[in-house]
Structure formats: structure tokens, C-alpha cells
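Analysis of the macromolecular model
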Amino acid sequence: MKRRTAIGWMGSLTLLGVSNNFAQVVDLNDAINKAGRQRMLSQRVAKAYLALGQGVATQRASEILAASMGLFERQLVELKAFAPTPEVKATYGDLEALWSHYKTMLVGQAPARENATALIDLDGKVLALANKGTTQLEQVSGKPLGRLVNIAGRQRMLSQRVAKFYLAMAWKVPNAQAELDKARAEFVSALDVLANAPEATVAIKQEIELARNQWVFYAAALAQQGADAASPERSANVFASSENILAVMDKVTGMYSRSIA
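Just so it is clear, the structure is predicted and the values come from calculations on it, not from any experiment.

Note on placement: Lys125 falls in helix H5 (residues 116-141). Of the residues examined, Lys125 reaches a relative accessible area of 45% and is grouped as partly exposed. Sequence separation between Lys125 and Trp99 is 26 residues, and the spatial gap between their C-alpha atoms is 9.5 Å.

With that settled, the discussion passes to the nonpolar core. Considering soluble globular proteins, one finds that nonpolar side chains tend to be buried as a cluster. One finds Tyr102 and Tyr256 to be the most contacted residues of the largest nonpolar core, which totals 80 residues. Put simply, the parts of the chain that give this core at least two residues each are helix H2 (28-53), helix H3 (58-82), helix H4 (86-107), H5, helix H6 (144-170), helix H7 (176-196), helix H8 (202-222) and helix H9 (232-258). The element best represented in this core is H6, accounting for 13 residues. Those residues in contact with Tyr256, other than ones at most four positions away along the chain, are Leu145, Leu148, Val149, Ala152, Leu194, Ala197, Glu199, Ala200 and Ile204.

For the rest of this paragraph, the subject is H7. With 21 residues, H7 ought to run about 30 Å at 1.5 Å a step, and its terminal C-alpha atoms sit 31 Å apart, in line with that. Those residues of H7 not exposed but buried are Ala176, Leu180, Ala183, Phe187, Ala190, Leu191, Leu194 and Ala195. One side of H7 carries all its buried residues, which in axial view fall inside an arc of 130°. Residues of H7 that are exposed and point more than 90 degrees away from the buried face comprise Lys182 and Asn196. Lining the buried residues of H7 we find H6, H8 and H9.

What counts as what
- Residues numbered from 1 in each chain as written.
- Predicted model: local features only at pLDDT ≥ 70, side-chain atom pairs only at ≥ 80, totals over all residues.
- Heavy atoms only, no water.
- Helix = DSSP H or I, 4+ residues; strand = E, 2+ residues; numbered from the N terminus.
- Buried < 20%, exposed > 50% of the residue type's maximum accessible area, 1.4 Å probe, protein only.
- Core = buried A, V, L, I, M, F, W, Y, C linked by side-chain atoms within 4.5 Å.
- Contact = heavy atoms within 4.5 Å.
- Expected span 1.5 Å × (residues − 1).
- Arc of directions from axis to C-beta.

So this is what it looks like as C-alpha cells:
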């Protein structure tokens, strides 16, 4: 567990390191990658908020919340500037307005159980707009690779969405278990799509196999149910596992985006 936690922590630093290097979108595949990352960040900040409110991995959760919010804002600027069509630009204009409301809820007051349902409702709206932008960019691309970048990027989001709903269950958020199960099933199914794609190189398949291995640990953490399932220690295991698999899927998405072997 210590080794997996260390891997996840380093992976988390690598991912968040992107936020310290402001760079314009270089091409359409890069835009799809970053647009997809916005979906993930919408769920990651909610996960961090819930963790902080429950006293779970508080130092990491605080760092992840701040860094993820910063990255979301920087990528939003990039994507709005890159927008290849008026429709895409309008979507990111709408997302910018909604993000302002979401951000206020995230940092305007200390995380509290009574705000959890409203927060999750809002993060769902942010996710929907971020997904709309990603899909629009994929349609502009019109290439199989664009679809795979989108699917791989969505895996990052699902890794965070699963952990978010696990934490939400501790605060009795309605439908949390059903949404967790749905996200978990979608993640497993999409791994097969990515691994079996003709465009998947040997290097990509190796990373996907690593993701499968990480998923074993994640699923084991999620299966810790019972009277003490939501204890800080068990929730911390889920939190750490979500970071581990996020790091792997972020690498896979980048590999598809750059079409590297």
C-alpha cells in the first residue's frame, strides 16, 4: 500500500505540474485532451471538497483542490482562445460563467455536509458543459484518434467521479451509490475499447494494462463496505487509489493525443 501511495502521490504531482506551465493549445488533439481534462477536474475538485469536509487526507486534498482549480481556469482560457467554431466558443463562454459560480461554492466557505448535495448538482452541470465542449471538438476533428483521445480523457473523469460518490455516500447524498456503480461500469468497459483500438501502440497497451492492475486495488478499496466503510482510513484508500489510476490514464490520454509509440 505504501508503494502504491507513493506512486499515486508522484503521479499526482506530475499531473498537477501541468498547471505551472502555461502553454497554448497546439492542435486539435491537444485541445480534445485539455477539454477532456476539464471534465476530470470538475469531479476532482468536488472529491477534494468532500475529503476535506470529512477529514480525509486533508493535506493532499487541500493541495489538490487549489492546484486543480488553478489548472481548470488556465485551460479554460486556452480552450476559449483556441475555439475553432462559434459554437465551441459559446460553450466555453457558458462554462466560464458556470465555473465562476462553482468556484465560489468551493472556496467561499468551509466544506459542510449540508452543502454536499447542492455542490454535486453544480459539479454535474460543470461536467455536462465540459463534456459538451469535448464532444464538439471531437466532431470538428472527425478522426478516429480524436474519439480515442476523448474516451481516454473520460477515463480520467470517471476515476474521480467514482471516488467523489464514494465520499458522497458518507454524507448520505441521494443516489450516490447508483452513480458510483454506473461510473465504475463505464470505466471498466472503456478500458477494453482503448486496449482493442487499432491505433493502440504497444506502449499504450502496456499503460492500459498498468491501469487494469491499478483498478484491482481501486476496486478493492471501493469494496470496503459495512458499518465502518466510510472511516477516514478507508476513504483515504479510495482517495489514494483514485489518484493512482488518474495518473496512469492521464498518461494514456497524452499518448493518444500525441500519437506516440
